[in-house]
Amino acid sequence: MSDSHKPKLQLRKYQKDIVDAIGNENVIIKMPTGSGKTFIAGELIKRRHCEGSRRAALFLVPACDLVGQQKRALKDWIGECDVAEYMGGSTCPGRSFDVLVSTPQAFLTLQQTKVTLFSWTKFWLCVFDEVHHVLKQHPYRIIAHSIKDWTERNHQSIQTIGLSASLTYAFGQKEVESALRSLCYDLSATKMISPTQDELISGGYVPSDDKIETMERPWQVPNGVVQENQRKPHLVHDTFMQRIRDNATTPFALMVYKVVRAIEDEVISKCSCFESPLENKKLNSWEEYAHRLSNDAVIGSSIQVVCQFLEVWYVALRMIVQSWEEEEQLVFHWLTECNSGLQKQQWFGPRLKDSLDNISRLFDSDDLQSEKLNSLKESLVQKRMLKGISFRCICFVKKRIDAYILSKHINNDARCKEYGIRTGFVAARKSRITPSIKLTQASRCIEQFRSGDINVLVATAVIEEGFDVPEANVVVSYDPLKDTVELAQRFGRARQISSSLSLMEERKDRPLSALKDVKKQQDDIIKAFDPSKSEHLARREEQSQKDRHRAAFSTLLTDIVRCESSPLEVLNTHAAKTKAVVKLEYIEAGPDKIFRCKISYSNKLLAIDGKGEGTTKKQSQHQAAANILNQLRERGKKEYSL
């Protein structure tokens, strides 16, 4: 369709009211998925463009696949305007554009390599799509602080607009209030806006929250799994290994662990230099280690075969550990359908044969929990019968490996085939399922879903945020929701009035009703937002920041060895604890082939730069990080009289 024949787009009343209310202020806007947040930003840009502004607008999106989508949406809205795009691996945009749509990390790279062309003097506006990312260690946060510092130093303004369906990951009244205070501070926001339910409905938007159904749970969690109140994600490795030492794991988890150890013994018998990676707390490093050994071995040799087999079982053990020992059925399908992990081999030793026989007997006894997977398949069949050929379902899972296994299993299920259910899976663009399995089909899956070639899309969080798939009319969350961001983003993917929204499982400490309460808390805080109180809130936040610094300081004194051996890792951990931004300002090699770099560390209390040099990029960064740690340590000693 030519531009002249395209239907003219118009703002809904609540959208127009919000644009009028923004003016020249820094604003955070909370609106449901599908209610037109992008068009509000587009209208703001359009008005400024019509006024003849020579400066450009920057529109940031959190994922590469959103760049083209938002570019098209803005171009359709604004019309006669040069909208450029940039993400990792694409061609650098030219000097002249009115709007730049970019991923944050790619834009930071542009600022580092094309300093003059993409300095803040070029921009009048920065839009943060999915602004809640500012609250964590994310490139959004670096950019927000960079704008704040630049405007304070240069006494010039860059307007900031934050957009999201949910503004915080926090849970609990005080935590939500604190998160929104931090968000307002980071963006120098003087307004928070959220249309009421009545305003949305009168404008033509149909809310979906009330339509979410929670499935009756006919399945039981395996006996002996890690209790929910003991589940601390940063201690998942330590927790499992301690349970192994205490003989406290589930029977299935112990069996998988014993198989892994038995395969490692087989590897050691063929390769004396082998060292078990299981003490490494980065769980996916286990399979990466086996994969490297396999690649280094002679093709077809016994050691290559053993290492390939070990990689499969390292993945299985990782799945067990990451699920706090709950996941059994998907591990079973990983071992049988995907990689024949239970297939007997001639080279098996007696210990390995016994371990595999034990697991095979468990599978044959039908003691593994499979009701959840069966419930999912039955739900898909029922929805397929109800929706007919228009059936399009997105099934959200937390992990890439789960998306891969579920997709393959549903495709191979006889009953799902009978009812014409065809699946694909989507995960992060540059990720892999395992070191041996690439995401070769992911780039085509969304288009196949739109066309109907596949009608079930099993996806990770990569398409939770911002993806416009109007064909979707069924959403299933396979895993429990952890926060209101997941609630808003997952179930916002299906926007048709007749859409079906299902939650298969709820967290005991965060049921659906509690998450809805948090959404209401956000709305109440936004409604009561008073910019005149910002000075008082700033003082409170400053005191909170001092408390965070004091709490994190002890590590810099007590863990000197780690500070010296892994300074960059320690600095990033310290920055996370103190809500600081660590930014690589530059890294370059001189004529003497020595790399020199500068790293900055900044938050609400202080800003510190560290410089380093070395024969490699890594050495220069480590030295710069160590420099900052030393400054933080000395500052802490003086401040806390130590």
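Computed from a predicted structure; not experimentally measured. (Residues numbered from 1 in each chain as written. Predicted model: local features only at pLDDT ≥ 70, side-chain atom pairs only at ≥ 80, totals over all residues. Heavy atoms only, no water.)

### Digging into unusual backbone geometry
Stage number 1. At S188, a position not held by glycine, the phi torsion is positive, near 50°.
Stage number 2. Examined against the element boundaries, S188 turns out to sit in the loop between α6 (173-186) and β7 (191-193).
Stage number 3. Despite not being glycine, K593 has its phi angle at roughly 65°, a positive value.
Stage number 4. Position of K593 among the secondary structure elements: in the loop between β16 (581-589) and β17 (595-602). (Helix = DSSP H or I, 4+ residues; strand = E, 2+ residues; numbered from the N terminus.)

### A few points about the confidence of the model for the chain
Stage number 1. Of all residues in the chain, 89% attain a pLDDT of 70 or more, and the chain-wide mean is 85.
Stage number 2. For residues 1-7, every residue scores under 50 in pLDDT, and the model assigns this stretch three contacts once sequence neighbours within four places are set aside. (pLDDT = per-residue confidence, 0-100. Contact = heavy atoms within 4.5 Å.)

### Observations concerning empty space enclosed by the protein
Stage number 1. This model, assessed by the stated rule, comprises one cavity of 30 Å³ or more.
Stage number 2. Its boundaries defined by the atoms lining it, the largest cavity holds a volume of some 60 Å³.
Stage number 3. What lines the largest cavity is I45, R48, H49, S53, R55, D98 and W124.
Stage number 4. If you tally residues by element for the lining of the largest cavity, the top one is helix α2 (residues 37-50), at three residues.
Stage number 5. Across the lining of the largest cavity, the residue classes break down as two nonpolar, two polar and three charged. (1 Å grid on protein atoms, 1.4 Å probe; cavity = no way out; pocket = protein on both sides within 12 Å on 5 of 7 lines; lining within 4 Å. Points joined across faces, edges and corners; volume = space filled by probe spheres on them. Nonpolar A, V, L, I, M, F, W, Y, C, P; charged D, E, K, R; others polar.)

### Points about the pairing of strand β10 (residues 423-426)
Stage number 1. The alternating pattern of β10 places T423 and F425 on one face and G424 and V426 on the opposite face, and all of these are buried.
Stage number 2. As defined by bridge partners, β10 adjoins strand β13 (residues 456-459) across four bridges and the pair is classed as parallel. Bridge pairing in β13 places V426 opposite A459. (Buried < 20%, exposed > 50% of the residue type's maximum accessible area, 1.4 Å probe, protein only. Pairing = 2+ DSSP bridges.)

### Describing the pairing of strand β18 (residues 607-614)
Stage number 1. The side-chain alternation of β18 yields one buried face, formed by I608, G610, G612 and G614, and one unburied face, formed by A607, D609, K611 and E613.
Stage number 2. Two strands pair when backbone bridges link them, and β17 and β18 are joined in this way by eight bridges, in the antiparallel orientation. Bridge pairing links C597 to G612 in β18.
Stage number 3. Counting the residues between successive antiparallel strands, the hairpin from β17 to β18 contains four residues.

### Topic: the environment of R495
Stage number 1. Mapped onto the elements, R495 comes out in the loop between α18 (484-491) and β15 (500-503).
Stage number 2. Among the residues examined, R495 registers a relative accessible area of 37% and is labelled partly exposed.
Stage number 3. As for R495 and Y205, which are separated by 290 residues in sequence, their C-alpha atoms are 9.4 Å apart.

### Side note on the sheet that holds β16
Stage number 1. Across the sheet, which stays open at both edges, the three strands sit in the order β16-β17-β18 with antiparallel pairing between neighbours. Two strands lie at the open edges of the sheet, namely β16 and β18, each paired on one side alone. Taking each pair of neighbouring strands and ignoring which way they run, the sheet shows an average axis angle of 15°.
Stage number 2. Direction of pairing for β16 relative to β17: antiparallel, over a ladder of eight bridges. Bridge assignment links Y586 to a residue of β17, and that residue is K598.
Stage number 3. Helix-sheet contacts for helix α5 (residues 139-154) involve β16 and β17, and the interaxial angle to β16 is about 85°. (Axes fitted to C-alpha atoms, helices over the stretch in contact; angles between N-to-C directions.)

### Digging into the packing of aromatic side chains
Stage number 1. A complete count under the given rule lists 12 aromatic pairs for this structure.
Stage number 2. Where F107 meets W120, the ring centres are 5.4 Å apart and the plane angle is 50°; that geometry is what we call tilted. A residue pair is termed long-range when its members are at least 10 positions apart, and F107 in helix α4 (residues 104-113) and W120 in the loop between α4 and β5 (123-129) qualify at 13 residues. A single burial state applies to F107 and to W120, both of which are buried.
Stage number 3. Ring geometry for W120 versus F123: centroids 6.0 Å apart, planes at 65°, classification edge-to-face. The residues W120 and F123 share a single accessibility class, namely buried.
Stage number 4. Within the aromatic cluster, the residues linked to one another by ring pairs are F97, F107, F118, W120 and F123. (Phe/Tyr/Trp six-rings, centres within 6.5 Å; stacked < 30°, edge-to-face > 60°.)

### Overview of the sheet that holds strand β2 (residues 56-60)
Stage number 1. Pairing is parallel in the open sheet, where seven strands are placed in the order β3-β4-β2-β5-β6-β1-β7. Edge positions in the sheet fall to β3 (83-86) and β7, since each of these pairs with one other strand and no more. Taken over all neighbouring pairs, the strand axes of this sheet differ in orientation by 15° on average, direction set aside.
Stage number 2. In the sheet, β5 pairs with strand β6 (residues 159-164) via five bridges, with the strands oriented parallel. Bridge pairing in β6 links F128 to G162.
Stage number 3. Most of the contacts of helix α19 (residues 512-527) go to strand β1 (residues 27-30), to which it runs at about 145°, and overall it touches β1 and β7.

### Structural notes on helix α3 (residues 65-78)
Stage number 1. The end-to-end C-alpha distance of α3 is 21 Å, a good match for the 20 Å that 14 residues give at a rise of 1.5 Å each.
Stage number 2. Looking at α3, one finds that the buried residues are L66, V67, G68, Q69, Q70, A73, L74, W77 and I78.
Stage number 3. Following α3 by one or two positions, G79 has its phi on the positive side, about 85°. (Expected span 1.5 Å × (residues − 1).)

### Looking at the nonpolar core
Stage number 1. Counting residues in each nonpolar core, the largest one holds 66 residues, and the members touching the most others are F240, W313, L317, W334, L376 and Y478.
Stage number 2. When residues of this core are assigned to their parent elements, the largest contribution, 14 residues, is made by helix α11 (residues 302-322). (Core = buried A, V, L, I, M, F, W, Y, C linked by side-chain atoms within 4.5 Å.)

### Quick look at the pattern of salt bridges
Where side chains of opposite charge bring their charged atoms close, a pairing between them can arise.
Stage number 1. One pass over the full model with this rule turns up 30 salt bridges.
Stage number 2. Close ionic contact of D20 with K16 constitutes a salt bridge, the shortest N to O distance being 3.1 Å. With a gap of four residues between them, D20 and K16 both fall in helix α1 (residues 13-22), about one helical turn apart.
Stage number 3. Residue class for D20 comes out partly exposed when judged on its relative accessible area of 40%.
Stage number 4. Classification of K16 by relative accessible area gives partly exposed; the value is 41%.
Stage number 5. As a salt-bridge pair, E325 and R243 come within 2.6 Å of each other at their nearest N and O atoms. Taken together, the residues span a long stretch of sequence, with E325 in the loop between α11 and α12 (329-338) and R243 in helix α8 (residues 236-245) at a distance of 82 residues.
Stage number 6. For E325, a relative accessible area of 1% corresponds to the buried category. (Salt bridge = Lys/Arg side-chain N within 4 Å of Asp/Glu carboxyl O.)

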